[in-house]
Each structure stands twice: as C-alpha cells, then as structure tokens.
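Here's the letter readout for the chains.
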Amino acid sequence: MFRKLLAILGALSAFVVGGQSVAQDDAGKYLYVWVGDRAGEGNDFVTVIDADPESANYGRIVTSEATDQRSVNAHHTEYEMPASGMLFANDHDANRTIILDLTNPLEPRQAAAFMNLGGYSMPHSFVRLPNGNILATFQHAEHQAGMNMPVMSGGIVEINDKGEMVRAVSNADPAFAEEGLLPYGLAILPEIDRVLVTNSPMGDDWLMTSNTYQVFQLSNLALLGTYRLDPGPRLNGHMSPEEPRVGPDGTVYVHTLSCGVQRVTGLDRPVPQAQLVHQYPGNWCGVPTIMGRYMVQAVPDIHAFIVLDISEGATPVEVSRLEMGDDFHPHWTAWDPQTRRLVVTPGRAGQRMYLLKLNETTGALTIDETFRGEDGEIGFSFGSRNWPHGWTGEGAPHGAVFSR
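Here's what I pulled together on the structure shown here. What you are looking at is a predicted structure, and each value in this text was computed from that prediction instead of being measured.

## A look at the side chain of Gln-214
Okay, so step 1: If you trace the backbone, Gln-214 turns up in strand E16 (residues 212-217).
Okay, so step 2: By relative accessible area, Gln-214 is classed as buried at 0%.
Okay, so step 3: Gln-214 has contacts with Asn-171, Asp-173, Leu-181, Val-195, Leu-196, Val-197, Asn-199, Leu-223, Gly-225 and Thr-226, leaving out every residue within four places of it along the chain.

Structure below.
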C-alpha cells in the first residue's frame, strides 16, 4: 500500500514525455517565442527561453527548433499556452500554420501543418474552445485568393490538434455585400453561446473602410448578425477592428487599428451595442491583454504601453504608462496568470523582448530588470546570433506564450 501511495504521489508531481521527466509545476517557467527571419533566408522557428526567476539562467535560451516553413511573415500564435501542449503558430503571408508539440519544453518539435481548410485561406487568430479544439479566423474564401477581384469575405473554422477541420462556416453577409468582411480576431463566450468576430484586413484593401464586427452562435456557428462600431467624436475610432477581449463584466472590449477601444454589450440580445469608450494617441495600436480589472495596450506611436482600469465598464480610466524608448515598437502582449507577468515583443526584427510586471493594486507597469539575455542587458535580444538549431541570423519575433 505504501509503495502504491508513493507511485500515485510521483505521478501527480511529474509526467514523462519523450523519455524525460517534466514537472507539472513548470507553469510560467519557460517562454515560447515564434520567430522568423526577416530576410527570408531562414525558416520560422520556436525558441524556448528560461523564464524561471529562480533559475541561474533566467532570460537565456534553453533551445530552439526550426520548422520546415521558410520565413515569409511569422505572425500569430495562440495567446495562451493550451493544456494539450500543442501550440498553433502561423506564417500569415505564406498561408501556412504550424502545430508545435511543446509537451516537452526541452524538445520542441513540429507535429503538423496546414494551409487552406474548409474552403478558406489565410488564417489569422486562434482561440481555444471549451472542447479543446481551436476556432480560427480565415481572412479569405479560397476561390477568391489570387484572383483579380476584391476579396469580400472569409470564414471561421474549428480545427483539432492534428490540423484537421471539424466544421467551417462563411462570414459573408448579403446585407454587407459591397464591404470587406475579412475575419481578424475573435472572442468566445460559452456562457451565452456566442462568438464575436472582428473584420479587419491584413493587407491594404478595405483597411480604411472596415468597421464591422459579427456575432455567431457558438453551438452551430450560425451568423446572427453584422454590426457597425462606434466612430466616436474623432470619427475614426471604429476603423479596422482587430483584437477582441472579454472583460471582467462579461462584455467584450475591441481595440481598433486607429487606437479606439470599443465596448460591446448585449451580445445575448437580438441587437448588441458598441460604444467607443476610449481612444489612445496615434494609430496602428498593437495587441491588448486584459488582466483582472486592467487592460494593457501596446501603443507604438508613443513607444509605450498604456494601462486602463476597466472596472467601471463604460468609463475606463488610464492609470499608468510605461515608456519603452524611441527605438522600441511595442506590438505583442501575453499574460501569465501563474506568475503574474506580461511578455511583450516588438514590431520590428532584431529588437529586444521584455517581461513586465503589473502592480495589481495601482495598475503600474514596470520592466523586470532581472530578465536578461546572454549579453547581460535587460530583456532578450533577437539581433543576429548563432541559434541552437544551427541557423545564424537576425530574428523577427511575434507571438510569445508562457508554459503552463
């Protein structure tokens, strides 16, 4: 009996992957970064960085592994590490998505890949469903890609961890037949059986005229309606909606490329409502993250991150800014709920990645100055180096997630 008890305790504290023992308390101890070669000479790869503050190698490379995809535009990964350990990572301009097996942080590998699925191409964002599958936005209908005609719509597709389509549906809406409905980001609300999808192009077509979001029924992916966002007093706060995030009150906050913050309410009603509740300075705002009552936004025009307190819903209040310096162009943000840190990556190749700390009482952001790469400087540099998988060059990072 005693031996059985020891065996059970051992199984609870660790599991074995690929012949190595990997502790289950590794949440937040590794950082996976999806990287491309801006010059297009190398392949997209995943690099694993030591993110354990107690480690003597905190901030340094653990390993890296190349995929078979030549770098075109290494772009989005999932925003959080999935429980399955199978991470979706996209090279958008190549129209190809790699599924990375990260169940063993020391031996990352490419497990599968896909291009078009269900009649749709150019996937952009990936969010996990309650059943563990991915729901992804695809910008184009397959038959339109490469043709001398405007691409009007795309679709959303459910995909399993093998890269196989489970179901797919078009987002075309006859009531908006002359507008670009190009799916970009999505937020899932299982409690009310809804999916909110934003429409924003990755290319220039429709960039200045995209101002809609769509609501689907999650259970059957039926399109319930297409709705316009609120232009606000500057008349541009609705342009090119990108990343939606579910707030603490169950409403959805949508950031726009024109740096607006739209708050969408009534998603369980026949006609939801969108209100512009804030607008940051500048344009081309990056990826937002919500942590409790705070929303952090990458604002590249001022080389800074801005923190809003959204606890009052329709009246968010700016509580802090973290200025990163004129040579940094913030883009990606991802939160680690276990160790309460934020990873931020730049929008340009060769720049540094940082970890940030959030004061959850005041909303103040600070740089983790103990996170340092091999050069001893704060942050991790993607400048030219010899990478562990055998490639030499300057990395262009994009998506980044913490282990779980």
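Text resumes after the structure shown.
## Quick notes on the layout of surface pockets
Empty space among the atoms can be located by rolling a probe the size of a water molecule over them.
Okay, so step 1: Considered as a void within the structure, the largest pocket measures approximately 860 Å³ in volume.
Okay, so step 2: Mapped by element, the contributors of at least two residues to the lining of the largest pocket are strand E10 (120-128), strand E14 (183-189), strand E18 (241-246), strand E20 (260-265), strand E22 (288-291) and strand E26 (330-336).
Okay, so step 3: Broken down by element, the residue count for the lining of the largest pocket peaks at 4 residues, all from E14.
Okay, so step 4: When its volume is computed, the second largest pocket comes out at roughly 660 Å³.
Okay, so step 5: Contributing to the lining of the second largest pocket are 33 residues, with His-75, Met-202, His-331, Gly-347 and His-398 lying nearest its centre.
Okay, so step 6: Those elements that provide at least two residues to the lining of the second largest pocket are strand E3 (30-37), strand E6 (74-77), E18, E26 and strand E33 (395-402).

## Some thoughts on the pairing of E33
A regular strand places its side chains on the two faces of the sheet in alternate fashion.
Okay, so step 1: For E33, the buried fraction is high: 8 of the 8 residues fall into the buried class.
Okay, so step 2: Of the strand pairs in this sheet, E3 and E33 are connected by 6 bridges, and their pairing is antiparallel. Residue pairing for E33: Tyr-32 is matched across the bridge by Val-401.

## Considering the sheet that holds E6
Okay, so step 1: What the 4 strands build is an open sheet, ordered E6-E7-E8-E9; its pairing is antiparallel. Bordering the open sheet on either side are E6 and strand E9 (109-114), each of which pairs with just one other strand. When the angles between neighbouring strand axes are averaged without regard to direction, this sheet yields 30°.
Okay, so step 2: Inspection of the sheet shows E6 paired to strand E7 (residues 86-91) by 2 bridges, in the antiparallel sense. Within E7, the position partnered with Thr-77 by the bridge is Ala-89.

Thresholds, definitions, all that
- Residues numbered from 1 in each chain as written.
- Predicted model: local features only at pLDDT ≥ 70, side-chain atom pairs only at ≥ 80, totals over all residues.
- Heavy atoms only, no water.
- Helix = DSSP H or I, 4+ residues; strand = E, 2+ residues; numbered from the N terminus.
- Buried < 20%, exposed > 50% of the residue type's maximum accessible area, 1.4 Å probe, protein only.
- Contact = heavy atoms within 4.5 Å.
- 1 Å grid on protein atoms, 1.4 Å probe; cavity = no way out; pocket = protein on both sides within 12 Å on 5 of 7 lines; lining within 4 Å.
- Points joined across faces, edges and corners; volume = space filled by probe spheres on them.
- Pairing = 2+ DSSP bridges.
- Axes fitted to C-alpha atoms, helices over the stretch in contact; angles between N-to-C directions.

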